[in-house]
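# Understanding the architecture of this molecule
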Amino acid sequence: MSFKSTMDETPSGSGSQGIDSLGLQVMRTLDDLARFSEEEGALTRRYLTKEHTEAADFVMQMMRDAGMDARMDALGNVIGSAEGDSSSSPRLLIGSHIDTVRDAGRYDGALGIVLPIACLGFLHRQGIRLPYPVDVIAFGDEEGVRFQSTLIGSRAIAGDFDPALLDATDSDGIRLADALRAFGLDPDAFEKARYRAEDVAAYIEVHIEQGPVLEDEGLPVGVVTSIAGATRFQVKVVGQAGHAGTVPMRLRRDALVASAEAIASVERICTSIPSSVGTVGILHTLPGAVNVIPGTVEFSLDVRAESDASRHAALSEIDKAFGEIAERRGVSITKTMTHEGDACQCAPWLMHRLAQAVQAEGISVRELPSGAGHDAMAVARLTDVGMLFVRCLEGISHHPAESMSEADAQVASKVLLRFLESFDPRKTG
Ligand code: HGY
Ligand code: MN
Ligand code: MN
């Protein structure tokens, strides 16, 4: 399969469209994309909001400027298609998520959308058509901030969307189905979002590391080996509300103190089981008055581990601890699972191709696992997946201080171009 090498023959154009300015172009575009936020002075962009529409329109225009066709699927994913020389060939998918956590950084997700579009735009301007088709996908909901479930968009394209989710409600009581309709989409058409496995060659995701390893070892990029599995719950603790002044301590069934002991047990258990982590990110206490003993508490629980065995061990210990606390304190503690995703292994053949591209850029290859979840976990139900990590400042993420450098964006762009150059959709596995 002949493919003119873009990397060595293209004059290193210093112009705004040349290969040497891809990193700058990516960083500037990420700054532009970060403007679409629900909050003044912070970046929050949830699924199926006005800001999601604005960001989707911006990304679709970028795709069209890069010579791609752009469309939105039934679940709100934006899909850009660069048809190759041979449309009969299976498609390479590249993507990440357009939604963010609250008060987020501007690189988590967005980098994996903007960078591949910039690379395909560069090839388009060089008049180079890849010998295979590529779809770039901006998934609508990976973080799960609005509807408490995660990977909605990527599960849909993998044919793994659970229609029961259409009844999930956000904090305003709006059902997912109604939010999709308000977005101009038809929730009953969710099946149309799926790709057929035979039409897809592989999936690649470029993402900031969200951890400190690459920075600690002075490396701009790394190849991901696996993605940690995760289980999320909504936990409800019900005790007895009462007057803060009249109920003696020995007669209380305080839901907040019971919750505090339960949350401390999560920290103890996940500290004791290697590679497992446990996080309570959201907590609501009712009735929420200074002089009333809390009768009900609800909190989120996110438990992860590199291996499914470790995660299941942590979950079983947490169940035992919650049961003992509930018994001793005379409260009820109920857990409702809102998400579960098993650990995901990246395909060795894709890791090898990514490693070759990294080496071709003169960079030593560092393989590393991902503690963070990614759309790749869901797409792995459809096709083989590979991920390229990009160094981020002090490993900070899910925070406005999240940062990466233009130089690393440049390296990652050239690594992806080399990967595209060497990729052969008929030689998978
Ligand atoms: O939670 C995660 O790991 C991802 O950032 N959604
Ligand atoms: Mn994230
Ligand atoms: Mn992410």
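Residues numbered from 1 in each chain as written. Chains lettered and ligands numbered in written order. Predicted model: local features only at pLDDT ≥ 70, side-chain atom pairs only at ≥ 80, totals over all residues. Heavy atoms only, no water.

### Let's talk about the overall build of the protein
Across its full length, the protein carries 12 helices and 16 strands. Since a compact globule built from 429 residues should have a radius of gyration of about 22 Å, the 23 Å found for the protein is in line with a globular shape. Dimensions of the protein, computed from the C-alpha atoms along their principal axes, are close to 80 × 45 × 40 Å. Across the protein, every contact between residues at least 6 apart in sequence was considered, and the portion connecting residues at least 24 apart equals 79%. Taking the average place of the 40 positive charges on the side chains of the protein and the average place of its 62 negative ones, the gap between the two points comes to 3 Å. (Helix = DSSP H or I, 4+ residues; strand = E, 2+ residues; numbered from the N terminus. Rg over C-alpha atoms; globule rule 2.2 N^0.38 Å. Contact = heavy atoms within 4.5 Å. Lys, Arg positive; Asp, Glu negative; His and termini not counted. Charge placed at Lys NZ, Arg CZ, Asp CG, Glu CD.)

### Things to note about the coordination of the manganese ion (ligand 2)
With distances of 2.1 to 2.2 Å, the protein atoms coordinating the manganese ion (ligand 2) are D108 (OD), E143 (OE) and H398 (NE2). Between the manganese ion (ligand 2) and the manganese ion (ligand 3), the interatomic distance is 3.4 Å, and D108 donates to each metal, bridging them. Of this pair, D108 sits in the loop between β3 (91-97) and α4 (111-125) while E143 sits in the loop between β4 (134-139) and α5 (152-157), and the two are 35 residues apart along the sequence. Overall, E143 belongs to the buried group, its relative accessible area being 8%. (Donors = N, O, S within 2.8 Å, 3.2 Å for Na, K, Ca; no water. Buried < 20%, exposed > 50% of the residue type's maximum accessible area, 1.4 Å probe, protein only.)

### Details of the coordination of the manganese ion (ligand 3)
Only H97 (NE2), D108 (OD) and H207 (NE2) from the protein coordinate the manganese ion (ligand 3), and they sit 2.1 to 2.3 Å from it. Ordering the donors of the manganese ion (ligand 3) by residue number gives the pattern H-x10-D-x98-H. The exposure class assigned to D108 is buried, which follows from its relative accessible area of 6%.

### Observations regarding the nonpolar core
One finds V59, L92, L111, F419, L420 and F423 to be the most contacted residues of the largest nonpolar core, which totals 94 residues. Sort the elements by how many residues they give to this core and α4 lands first, with 10 residues. Grouped together as the second largest cluster of nonpolar side chains are 23 residues, F233, C270, F322 and I325 included. (Core = buried A, V, L, I, M, F, W, Y, C linked by side-chain atoms within 4.5 Å.)

### Some thoughts on the site of ligand 1
In the region of ligand 1, the neighbouring residues are E142, E143, R232, R304, A372, G373 and H398. In the environment of ligand 1, an oxygen atom lies 2.5 Å from a nitrogen or oxygen atom belonging to the side chain of R304. The fraction of the free accessible surface of ligand 1 (210 Å²) that becomes covered by protein chains is 94%. Put simply, ligand 1 lies in the largest pocket. (Near = heavy atom within 4 Å. Polar contact = N/O pair within 3.5 Å; in protein donor to acceptor, adjacent residues only side chain to side chain. Areas by Shrake-Rupley, 256 points an atom, 1.4 Å probe, with all protein chains shown as cover. 1 Å grid on protein atoms, 1.4 Å probe; cavity = no way out; pocket = protein on both sides within 12 Å on 5 of 7 lines; lining within 4 Å. Sits in = over half its atoms within 2 Å of the grid points.)

### Points about the layout of surface pockets
Here the largest pocket is characterised by a volume of approximately 1,300 Å³. Every residue lining the largest pocket is counted, 47 residues in all, and those nearest its centre are E143, R232, D302, R304 and H398. The set of elements that each furnish at least two residues to the lining of the largest pocket consists of β7 (229-238), β9 (277-279), β12 (296-305), β13 (332-341) and β15 (367-370). Per-element tally for the lining of the largest pocket: the top contributor is β12, with 6 residues. Of the residues contributing to the lining of the largest pocket, the split by class is 14 nonpolar, 21 polar and 12 charged. When we break the lining of the largest pocket down by domain, the ones giving at least three residues each are domain 1 (3-227 + 343-422) and domain 2 (229-341). (Points joined across faces, edges and corners; volume = space filled by probe spheres on them. Nonpolar A, V, L, I, M, F, W, Y, C, P; charged D, E, K, R; others polar. Domains from an automatic or database assignment.)

### A look at the packing of helix α8 (residues 255-272) against helix α9 (residues 308-329)
The description of two packed helices rests on the angle between their axes and on the distance between the axes. Following both chains from N to C, one finds α8 and α9 inclined at 155°, their axes separated by 10 Å at the closest point. The orientation of α8 with respect to α9, classified from their angle, is roughly antiparallel. Classified by chirality, the crossing of α9 by α8 is right-handed. Contacts from V257, A258, E261, A262, S265, V266, R268, I269 and C270 in α8 reach A314, E317, I318, A321, F322, I325, R328 and R329 in α9. Its residues assigned to classes, the contact of α8 with α9 comprises 11 nonpolar, 1 polar and 5 charged. (Axes fitted to C-alpha atoms, helices over the stretch in contact; angles between N-to-C directions. Parallel < 35°, antiparallel > 145°, perpendicular 65-115°, else oblique. Left-handed = near helix turned anticlockwise from the far one by under 90°.)

### A word on the pattern of salt bridges
In the structure shown here, the tally under the stated rule is 31 salt bridges. Two residues, K50 and E54, come together in a salt bridge whose shortest N-O distance is 3.2 Å. Note that K50 and E54 are positioned in helix α3 (residues 50-65) at a spacing of 4 residues, about one turn of the helix. On the accessibility criterion, K50 (56% relative accessible area) is exposed. On the basis of relative accessible area, E54 is assigned to the partly exposed category, the value being 29%. (Salt bridge = Lys/Arg side-chain N within 4 Å of Asp/Glu carboxyl O.)

### Let's talk about the pairing of strand β1 (residues 69-72)
Where β1 lies against strand β2 (residues 78-82), 4 bridges are found, and the strand directions are antiparallel. Looking at β2, one finds that R71 is bridged to I79. The antiparallel hairpin formed by β1 and β2 contains 5 residues in its connecting segment, where G76 sits at a positive phi of about 90°. (Pairing = 2+ DSSP bridges.)

### Here we look at the domain arrangement of the protein
Taken domain by domain, the protein holds domain 1 (3-227 + 343-422) and domain 2 (229-341). Between the C-alpha centres of domain 1 and domain 2 there is a distance of 35 Å. Listed per partner, the contact involves 14 residues of domain 1 and 12 residues of domain 2. Interface area, domain 1 with domain 2, both sides summed: about 900 Å², of which 41% is carbon and sulfur. Counting the contacts that link domain 1 with domain 2 gives 0 salt bridges. For the pair domain 1 and domain 2, the interface holds 4 residue pairs in polar contact (both at pLDDT 80 or more). Looking at side-chain class alone, the side of domain 1 that touches domain 2 contains 6 nonpolar, 6 polar and 2 charged residues. (Buried area = accessible area lost by both parts, 1.4 Å probe.)

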